[in-house]
Amino acid sequence: IIAGLWRFVNQYPYAIILLLAIGLVIPWMLFNIFYEAQLAKMIKQLPQAIDEFASSYRKSNKVFNALKDSYQYMPKVVSKEFERLYKSYNIDFEEGVEYFRARVKNDWAGIFASLLLINYTKGGTIISQLDDLNTEIENDIIAKDRVRSKMLGFKLVALSSLLLIVLVNNSICLLSFW
């Protein structure tokens, strides 16, 4: 088998470039699909997480206590990010909030992060802003879900088509070689 592959590669040198391209493009596409799915899960869980945080914040009016009391009851994916925020509070909260903003990469999470920073640096209460933010996120999620499901379908069709073309091309090349 190895000798046959070696002869094939020597006979068709472009095959190396094609195989390398496929070896890089397909894993990259799969990683992006997985990453976007995880990010979509996190964004879907964000309203529940903010609601949980707001509920805890109403009791204590302190961000630290609200983070401590709420992250444990949040959905799994988003709770990890809120736990990181909680752990960064006494170390460098501003850096922790910026890290949260960079990891989540979402406008709504960015607004939530800004609310946390404003409260941390200037004090005051952010309950009404949290409630308004939660409502806006839920409305936005409904609209984006429709678009996202269509795009994921297109990506899976494109990936399947690419794999089919490669398999057909390779089988034609192998048949002509043997």
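Residues numbered from 1 in each chain as written. Predicted model: local features only at pLDDT ≥ 70, side-chain atom pairs only at ≥ 80, totals over all residues. Heavy atoms only, no water.

A separate point is the overall build of the chain. Of regular secondary structure, the chain possesses 6 helices and 0 strands. Reading the secondary structure of the chain in the N-to-C direction produces α-α-α-α-α-α. A globule of 178 residues ought to have a C-alpha radius of gyration of about 16 Å, yet the chain, at 24 Å, is considerably larger. The principal-axis extents of the C-alpha atoms in the chain amount to approximately 75 × 35 × 25 Å. Expressed as a percentage of its 178 residues, the buried residues of the chain come to 36%. (Helix = DSSP H or I, 4+ residues; strand = E, 2+ residues; numbered from the N terminus. Rg over C-alpha atoms; globule rule 2.2 N^0.38 Å. Buried < 20%, exposed > 50% of the residue type's maximum accessible area, 1.4 Å probe, protein only.)

This part is about the nonpolar core. In this structure, F53, F82, L85 and F112 are the most contacted members of the largest nonpolar core, which totals 36 residues. Counting residues per element, the ones that place at least two in this core are α2 (14-60), α3 (63-70), α4 (76-104), α5 (107-122) and α6 (127-177). The greatest single-element share of this core, amounting to 10 residues, is contributed by α4. When near neighbours in sequence (up to four residues on either side) are disregarded, F112 contacts I50, F53, F82, L85, F100, L130 and L133. If you look at the next biggest cluster of nonpolar residues, it comprises 6 residues, including I22, I26, M29 and V166. (Core = buried A, V, L, I, M, F, W, Y, C linked by side-chain atoms within 4.5 Å. Contact = heavy atoms within 4.5 Å.)

Within the structure shown, the criterion is met by 12 aromatic pairs. Residues Y89 and F93 carry aromatic rings whose centres are separated by 4.7 Å and whose planes lie at 55° to one another, so their mutual orientation is tilted. Of the two residues, Y89 and F93 both sit in helix α4, 4 residues apart, roughly one turn of that helix. Ring geometry for F93 and Y120: centres 4.9 Å apart, planes at 50°, overall tilted. Pair noted here: F93 is in helix α4 and Y120 is in helix α5, with a separation of 27 residues, a long-range link. Among the aromatic side chains, those forming a connected cluster through ring pairs are F64, Y71, Y86, Y89, F93 and Y120. (Phe/Tyr/Trp six-rings, centres within 6.5 Å; stacked < 30°, edge-to-face > 60°.)

Take the confidence of the model for the chain next. When the pLDDT values of the chain are averaged, the result is 78; 94% of them are 70 or greater. Element-level pLDDT for the chain is lowest in α6, with a mean of 72, against a maximum mean of 84 in α4. (pLDDT = per-residue confidence, 0-100.)

Counted at 1.5 Å a residue, the expected span for α4 with its 29 residues is 42 Å, but the 14 Å between its end C-alpha atoms falls short. In the segment just after α4, K105 is the residue with positive phi, at about 50°. (Expected span 1.5 Å × (residues − 1).)

Turning next to the pattern of salt bridges. Evaluated as defined, the whole model comprises 4 salt bridges. For E81, the salt bridge is made with R103, and the minimal N-O distance between the two is 2.9 Å. Notably, a salt bridge pairs E98 with R101, separated by 3.3 Å at the nearest N-O pair. Here the residue E98 and the residue R101 both occupy positions in helix α4, the gap between them amounting to 3 residues, near one helical turn. Through salt bridges with shared partners, a single network forms among E81, R84 and R103. (Salt bridge = Lys/Arg side-chain N within 4 Å of Asp/Glu carboxyl O.)

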